[in-house]
Amino acid sequence: MDEVNSQHEPLRADVAVIGGGVIGLGIAWEARRSGRSVALIDPAPASGATFAAAGMLAPVSELHYQEEDLLELMLESSVLWPDFERNVTGSSIGRSTGYRTTPTLAVGADAADRRALADLRDVQLANGLVVESVRLREAREREPLLSPQISCAFDIPGDHQVDPRRLSAAILGALADHQPGDSSWIPGADDGFAIHDTAAGLLWEDGRVVGAVLGSGIEVLATETVVANGLDAARLNGLPEGLSLPLRPVYGDILRLRVPEHLQPLVTATVRGMVRGVPVYIVPRDDGTVVIGATQREDGLSASGGSANPVSAGGVYQLLRDAQVLVPAVAELELLEATARVRPGTPDNAPLLGRVEGRERTVPGLIVASGFFRHGVLLTPAAAKICVGLMDGTADPRWNKFRPDRFSHQLSAARASTDGPSAGTSNPLPKDHA
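Here the structure is a predicted model, which is why all the values come from computation and not from measurement. (Residues numbered from 1 in each chain as written. Predicted model: local features only at pLDDT ≥ 70, side-chain atom pairs only at ≥ 80, totals over all residues. Heavy atoms only, no water.)

Some details on the overall build of the protein
Okay, step 1: A tally of helices and strands in the protein yields nine helices and 18 strands.
Okay, step 2: In terms of overall dimensions, the protein is globule-like: its C-alpha atoms have a radius of gyration of 22 Å, near the 22 Å expected for 434 residues.
Okay, step 3: Each of the three principal axes of the protein carries a C-alpha extent, and together these read 70 × 45 × 45 Å.
Okay, step 4: Considering only intrachain contacts with a sequence separation of at least 6, the fraction spanning at least 24 residues in the protein is 76%.
Okay, step 5: Total accessible area computed for the protein in this model is approximately 17700 Å², and 49% of it derives from carbon and sulfur atoms.
Okay, step 6: The protein carries 39 positive and 54 negative side-chain charges, and their two centres are separated by 5 Å. (Helix = DSSP H or I, 4+ residues; strand = E, 2+ residues; numbered from the N terminus. Rg over C-alpha atoms; globule rule 2.2 N^0.38 Å. Contact = heavy atoms within 4.5 Å. Areas by Shrake-Rupley, 256 points an atom, 1.4 Å probe, with all protein chains shown as cover. Lys, Arg positive; Asp, Glu negative; His and termini not counted. Charge placed at Lys NZ, Arg CZ, Asp CG, Glu CD.)

Below is the structure:
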């Protein structure tokens, strides 16, 4: 950050977005498009779960038992994706997002997998989703490197994909596409929007949230503050007293492999498989690589004292083993990268999204957008639209079921009193929620 920051003067923006993962980036972009200046607070944007994500836009395949409440939001976001992607690429000249609308092919390895996928299809059809059975010969005509031993295949035309790394780069490029003197330019922020620091907590004044204080002690003052920093959301100082954000870490291992020229394309569209009851997917990229994922584990590996994002040896073995059952040629690929990242889960696996109710009124100036678990990339356009709608005062009641305070049984508005912390104080956070 430049000289203004070094002098510890507050930075000022219409919107402060805490967290630069795909959700935070999407919200920042839509807020900018609405005519607001946006400060994005993150020491390393798009380096967390977004960096590892496969980018499947799969409202149909991601329908899980007892998670039907999420379906409407996932379908809504899927409809928003084409316009969202066009707006990003139209404002980020020369950058591609890897967005593809090719159908997803779901396949099973054995008879038990066939029955499990057929049962899931019944649930999907009952919810009005389109899943069509495909003859095995047709499936192998579409994807010639599929194993001849697969037991079933289903076409899912509504499930698509995007490359989260390219998408993030495109949004960051679009956010940087302005000049000093523009109404969107924030003096003191890199490229007029980026603040490469952590957020220590929220700032309050006269009962409303008025921004954030950084780890460096610098203040970012804003009319609206969006908490979108994943697991770290629950650790922010200055959250409304009584607000519970029950976020849990769920790790996923994911592999990236280069396809040699004589095997390209390994697959032309996303292949989602079931192998002995365990899901696996293969996602093609425009650069001749594929992504194979993803395990889902809640274990003690991350607490072993090693890497902050430990890769499970068993997870890597499982992914390669199961992917080869579906596409034997996977054994001939070059392993480029084994990555693990943590995703923020909630008790009902649904996001914490919206404003927070205090004892007497909604807490002004604060929006929470966290807990997107395995749906972050898919739900980015919807989350961005919902958050900007809240800023505009046009809340959609359909999404009240995802309110961030739904797990807070004794939420109070102690911080919504006029004797609460002031944005002008150097240490405005009397209670440590870390």
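With respect to the confidence of the model for the protein
Okay, step 1: On average, residues of the protein score 90 in pLDDT, and 91% of them reach the 70 mark or higher.
Okay, step 2: Note that pLDDT drops below 50 for residues 2-6; the model gives that stretch seven contacts with residues more than four away or on any other chain.
Okay, step 3: Confidence drops under a pLDDT of 50 for residues 412-434, and excluding neighbours within four residues, the segment shows 57 contacts in the predicted structure. (pLDDT = per-residue confidence, 0-100.)

Brief notes about the pairing of strand E13 (residues 271-275)
Put simply, side chains in a regular strand alternate between the two faces of the sheet.
Okay, step 1: Here E13 lies mainly inside the structure; five of its five residues are buried.
Okay, step 2: By the alternation rule, side chains of E13 split into Val271, Gly273 and Val275 and Arg272 and Met274, which are all buried.
Okay, step 3: Two elements, E13 and strand E14 (residues 278-284), share five bridges in a ladder whose sense is antiparallel. Looking at E14, one finds that methionine 274 is bridged to proline 279.
Okay, step 4: Hairpin connection of E13 to E14: two residues between the antiparallel strands, including arginine 276 at a positive phi of 55°. (Buried < 20%, exposed > 50% of the residue type's maximum accessible area, 1.4 Å probe, protein only. Pairing = 2+ DSSP bridges.)

Side note on helix H2 (residues 22-33)
Okay, step 1: The terminal C-alpha atoms of H2, which comprises twelve residues, lie 16 Å apart, in line with the 16 Å expected from a rise of 1.5 Å per residue.
Okay, step 2: Looking only at H2, the buried set comprises Val22, Ile23, Gly24, Leu25, Gly26, Ile27, Ala28, Trp29, Glu30, Ala31 and Arg32.
Okay, step 3: Following H2 by one or two positions, glycine 35 has its phi on the positive side, about 100°. (Expected span 1.5 Å × (residues − 1).)

Quick notes on the sheet that holds strand E5 (residues 132-133)
Okay, step 1: Pairing within the open sheet is mixed, and its eight strands lie in the order E5-E6-E4-E13-E14-E15-E12-E16. The two strands at the open ends of the sheet, each matched to only one other strand, are E5 and strand E16 (334-345).
Okay, step 2: Bridging between E5 and strand E6 (residues 152-156) involves two bridges; their strand directions are antiparallel. Each residue of the ladder has a partner; that of serine 133, found in E6, is phenylalanine 154.
Okay, step 3: Each of strand E4 (104-108), E5, E6 and E13 touches helix H5 (residues 111-126); the most contacted strand, E6, lies at about 30° to it. (Axes fitted to C-alpha atoms, helices over the stretch in contact; angles between N-to-C directions.)

Re the packing of H2 against helix H9 (residues 376-392)
Okay, step 1: For the pair H2 and H9, the least separation of the axes is 8 Å and the interaxial angle reads 40°. Relative to H9, the element H2 lies oblique. Crossing of H2 over H9 shows right-handed handedness. Here H2 contributes Val22, Ile23, Gly26, Ile27, Glu30 and Ala31 to the contact with H9, which in turn contributes Gly376, Val377, Leu379, Thr380, Ala383, Ala384, Cys387, Val388 and Met391.
Okay, step 2: Split by residue class, the contact of H2 with H9 holds eleven nonpolar, three polar and one charged. (Parallel < 35°, antiparallel > 145°, perpendicular 65-115°, else oblique. Left-handed = near helix turned anticlockwise from the far one by under 90°. Nonpolar A, V, L, I, M, F, W, Y, C, P; charged D, E, K, R; others polar.)

Quick notes on the nonpolar core
Most often, soluble globular proteins keep nonpolar side chains buried together rather than apart.
Okay, step 1: Formed by 60 residues in total, the largest nonpolar core has its most connected members in Ile27, Val226 and Ala369.
Okay, step 2: Residue contributions to this core peak at eleven residues, all from H9.
Okay, step 3: The residues contacting valine 226, other than those within four sequence positions of it, are Val15, Ala16, Val17, Ile18, Ile27, Ile367, Ala369 and Met391. (Core = buried A, V, L, I, M, F, W, Y, C linked by side-chain atoms within 4.5 Å.)

Remarks on the side chain of serine 408
Okay, step 1: Here serine 408 shows up in the segment after H9.
Okay, step 2: A distance of 2.7 Å separates a polar atom in the side chain of serine 408 from the backbone nitrogen of serine 244.
Okay, step 3: In this structure serine 408 touches Gly242, Leu243 and Ser244, once residues within four positions along its chain are discounted. (Polar contact = N/O pair within 3.5 Å; in protein donor to acceptor, adjacent residues only side chain to side chain.)

Focus: the environment of glycine 238
Okay, step 1: For glycine 238, the position within the fold is in the loop between strand E11 (219-227) and strand E12 (248-258).
Okay, step 2: What makes glycine 238 buried here is its relative accessible area of 0%.
Okay, step 3: Between the C-alpha atom of glycine 238 and that of alanine 212, which follows or precedes it by 26 residues, the distance is 9.2 Å.

Looking at helix H7 (residues 164-175)
Okay, step 1: Under the 1.5 Å per step criterion, the end-to-end length of H7 is 16 Å for twelve residues, consistent within 8% with the ideal 16 Å.
Okay, step 2: Looking at H7, one finds that the buried residues are Pro164, Leu167, Ser168, Ala170, Ile171, Ala174 and Leu175. Buried residues of H7 fall within an arc of 160° about the axis and therefore sit on the same side.
Okay, step 3: Contact partners of the buried residues in H7: H2, helix H3 (49-52), helix H4 (69-90) and H9. (Arc of directions from axis to C-beta.)

Describing the packing of aromatic side chains
Aromatic ring pairs are reported here in terms of the distance separating the ring centres and the angle at which the planes meet.
Okay, step 1: Per the counting criterion, the structure on display carries three aromatic pairs.
Okay, step 2: Between tryptophan 81 and tyrosine 99, the ring centres sit 5.9 Å apart and the planes meet at 15°, which makes this aromatic pair stacked. With a gap of 18 residues between them, tryptophan 81 in helix H4 and tyrosine 99 in the loop between H4 and E4 connect regions that are remote in the sequence.
Okay, step 3: Accessibility expressed as a relative area gives 1% for tryptophan 81, which makes it buried.
Okay, step 4: Given the relative accessible area of 22%, tyrosine 99 is considered partly exposed.
Okay, step 5: Arranged with centres 6.5 Å apart and planes meeting at 20°, the rings of tryptophan 399 and phenylalanine 402 form a pair that is stacked. Across the pair, exposure class does not vary: tryptophan 399 and phenylalanine 402 are buried alike.
Okay, step 6: Taken together through their ring pairs, the aromatic side chains of Trp81, Phe84 and Tyr99 make up a single cluster.
Okay, step 7: The ring centre of phenylalanine 51 lies 3.6 Å from the NZ or CZ of arginine 165, which sits over that ring.
Okay, step 8: For the cation-ring pair, arginine 248 lies above phenylalanine 373, with the distance from its terminal atom to the ring centre recorded as 5.5 Å. (Phe/Tyr/Trp six-rings, centres within 6.5 Å; stacked < 30°, edge-to-face > 60°. Lys NZ or Arg CZ within 6 Å of the ring centre and 35° of its normal.)

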